[in-house]
Amino acid sequence: MREWQKSASGHFDRQVSRFRGDLAGEEVSPGRYHLYVSYACPWACRVLMVRALKGLDAAISVSAVAPFMGDDGWAFADPEGQEEGEDDPDVDADPVLGARYLREIYQAADPKFTGRVTVPVLWDRERQTIVNNESSDLVKILDQRFAPHAARDVELYPEALRPAIDEAMDAIYEPINNGVYRCGFAGTQAAYEESFEQLFAALDHHDELLGRQRYLCGEQLTVADLCLFSTLVRFDDVYYVHFKCNGKLIAQYDNLSAFAREIYQLPGLAPTVNRRHIKQHYYTSHRQLNPRQFVAAGPRDNDFSRPHDRARLPGGPPPGLFV
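Residues numbered from 1 in each chain as written. Predicted model: local features only at pLDDT ≥ 70, side-chain atom pairs only at ≥ 80, totals over all residues. Heavy atoms only, no water.

Caption draft 1: Region of interest: the pattern of salt bridges. A complete count under the given rule lists 19 salt bridges for this structure. A salt bridge links Arg 276 to Asp 88, with the nearest nitrogen and oxygen atoms 3.0 Å apart. Of this pair, Arg 276 sits in helix α9 (residues 275-285) while Asp 88 sits in the loop between β2 (61-64) and α2 (102-109), placing them 188 residues apart in sequence. Overall, Arg 276 belongs to the partly exposed group, its relative accessible area being 37%. When its relative accessible area of 13% is taken as the criterion, Asp 88 is described as buried. Taking the shortest distance from any N to any O, the salt bridge between Arg 127 and Asp 124 comes out at 3.1 Å. Taking the relative accessible area as the measure of exposure, Arg 127 reaches 43% and is therefore partly exposed. Judged by relative accessible area, which is 0%, Asp 124 ranks as buried. (Salt bridge = Lys/Arg side-chain N within 4 Å of Asp/Glu carboxyl O. Helix = DSSP H or I, 4+ residues; strand = E, 2+ residues; numbered from the N terminus. Buried < 20%, exposed > 50% of the residue type's maximum accessible area, 1.4 Å probe, protein only.)

Structure follows, in C-alpha cells:
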C-alpha cells in the first residue's frame, strides 16, 4: 500500500516536479507535443482546461490514464483489451510509445528517474523526452508558446496581469490546492487540524473576495481562476468526505459555488470535468484512507450547470471564447 511523503511533524510534503522545460527557443509546431493526463487529477485538469479554452485540440494530442492508481501507478488502456475493466471509453492507450504504465514514459525520458510518477506530462515527440511535468508551468506554456496554433483568441496569462496572477496562484496553492491533500494525508492530528484551519480560512477569504470581484485578478479570466476551480469542482464530491475537509461544503459558499458554476459553463470546459473518474480515483486508489474502496454516492444536488449570478459583477469571459 503506497504512502505519501510526510515531514517529521506529520505534514504532507509534495514532491518537487523533476521536468521544468519551458519551450523557449523551440519550434512549437502542431503534432509535435503530446499531453498525458488523468481526468481525476486537479493538477492535470487545469492544463486540460487551458487546452480546451484556447482551442488547442488539433495542436496538442492527449491521452488519459485509468482512474484507478494501483501499485504500478497510472495505467493506460490495455492495447490487447484483455485486462478486467478495460471498457472505459474515457481511458486511452498510449499512442506515442505504446506504454502500459505512465512510469514507462518517465523512464524513457530519464532511465534513472526514481521519483513519484505524476500527471500532467508534456512529451516532445521530436526529442523523445518529457518537456515539463509541473502544472503551474504548463498552464502558462500552453497559453504563451502555443498561442499561434490556438483556434480561439483567448489569453489566460496576459503580460500586464502576470504579477497579479502569480500572486493569486501562490495565495491559493498551499492552503487550498495543496491544502486538501495536507488534510487528507496528514500524519498527525495536529498537522491535520492546522491544515484544516488554514484551508477554511483561505476558502472564507476567497468567498468574500469573489463577492466583490468576478475573478481572482479582477475583471479578467486567467489561469489562476482555473487553478482554483480545479479544487472547487472536486471538493464536495471527494475532499469533504475522503480528505476530512468537512468544515463546509463549497455549495454552502454563495460566491465560491457561483464562481465554480460560471467556470464550468465556459465553452468547451465541461468535458474536462469527469466526475466519475474523480470519484473512482480517490475512493478506490487511497486504500490507507478507504480500505473497503466504497465510492461515496453523494452529494445528489451538486449540479454545476445551474444558473449563476456572476454577471452582476464587472468583467466576464473573453469574447474569443464565443467565436
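That was the structure; now back to the text.
Caption draft 2: Summary view of the environment of Ile 176. Of note, Ile 176 is situated in helix α4 (residues 162-177). On the basis of relative accessibility, which here comes to 0%, the residue Ile 176 falls in the buried class. Separated by 27 residues in the primary sequence, Ile 176 and Leu 203 place their C-alpha atoms 7.2 Å from one another. With near-sequence residues (within four places) excluded, Ile 176 lies in contact with Leu 199, Ala 202, Leu 203, His 206, Leu 228 and Thr 231. (Contact = heavy atoms within 4.5 Å.)

Caption draft 3: Geometry of the side chain of Asp 225. If you trace the backbone, Asp 225 turns up in helix α7 (residues 223-242). One buried charged residue, Asp 225, forms no salt bridge at all, with the nearest opposite charge on Arg 310 at 7.5 Å. Those residues within four positions of Asp 225 in sequence are excluded, and the remaining contacts are Tyr 215, Leu 216, Gln 220, Phe 259 and Ile 263. (Lys, Arg positive; Asp, Glu negative; His and termini not counted.)

Caption draft 4: Local environment of the packing of aromatic side chains. The final tally for this structure, using the stated rule, is 20 aromatic pairs. Taking the centre distance of 5.8 Å and the plane angle of 55 degrees together, the rings of Tyr 192 and Phe 196 count as tilted. Here Tyr 192 pairs with Phe 196, and both are found in helix α6 (residues 189-212), just 4 residues apart, close to one helical turn. Per residue, the accessibility class of Tyr 192 equals that of Phe 196, and both read buried. Here Tyr 239 and Phe 243 contribute two aromatic rings whose centre-to-centre distance is 5.4 Å and whose plane-to-plane angle is 10 degrees, an arrangement assigned as stacked. On the basis of relative accessible area, Tyr 239 is assigned to the buried category, the value being 0%. Residue classification places Phe 243 among the buried residues on the basis of a relative accessible area of 0%. (Phe/Tyr/Trp six-rings, centres within 6.5 Å; stacked < 30°, edge-to-face > 60°.)

Caption draft 5: Layout of helix α3 (residues 135-144). The buried fraction of α3 is high, at 8 of 10 residues. Residues Ser 135, Asp 137, Leu 138, Val 139, Lys 140, Ile 141, Leu 142 and Asp 143 constitute the buried set of α3.

Caption draft 6: Structural context of the nonpolar core. Grouped together as the largest cluster of nonpolar side chains are 95 residues, with contacts concentrated most on Phe 146 and Leu 203. It is α7 that contributes the most residues to this core, 11 residues altogether. In this view, Phe 146 contacts Leu 23, Val 28, Tyr 33, Leu 56, Ile 60, Leu 122 and Ile 141; residues no more than four positions away in its chain are not counted. (Core = buried A, V, L, I, M, F, W, Y, C linked by side-chain atoms within 4.5 Å.)

Caption draft 7: Expanded view of α2. What α2 keeps buried is the set Leu 102, Ile 105, Tyr 106 and Ala 109. Along α2, the residues classed as buried sweep out an arc of 95 degrees about the axis, all on the same side. As for α2, its buried residues are in contact with β1 (33-37), β3 (121-124) and β4 (129-132). (Arc of directions from axis to C-beta.)

Caption draft 8: Region of the structure containing the environment of Cys 227. With respect to the helices and strands, Cys 227 occurs in helix α7. A C-alpha to C-alpha distance of 31 Å links Cys 227 and Arg 292, two positions 65 residues apart in sequence. Excluding residues that lie within four positions of it along the chain, Cys 227 makes contacts with Arg 46, Met 169, Ile 172 and Asn 177.

Caption draft 9: Main features of the packing of α6 against α7. Running from N to C, α6 and α7 point in directions that differ by 110 degrees, and their axes come no closer than 13 Å. Judged on the interaxial angle alone, α7 and α6 are roughly perpendicular. In this structure, α6 crosses over α7, and the sense of that crossing is left-handed. From α6, Leu 199, Phe 200, Leu 203 and Leu 210 reach across to α7, where they touch Leu 228, Leu 232 and Phe 235. By residue class, the composition of the contact of α6 with α7 is 7 nonpolar, no polar and no charged. (Axes fitted to C-alpha atoms, helices over the stretch in contact; angles between N-to-C directions. Parallel < 35°, antiparallel > 145°, perpendicular 65-115°, else oblique. Left-handed = near helix turned anticlockwise from the far one by under 90°. Nonpolar A, V, L, I, M, F, W, Y, C, P; charged D, E, K, R; others polar.)

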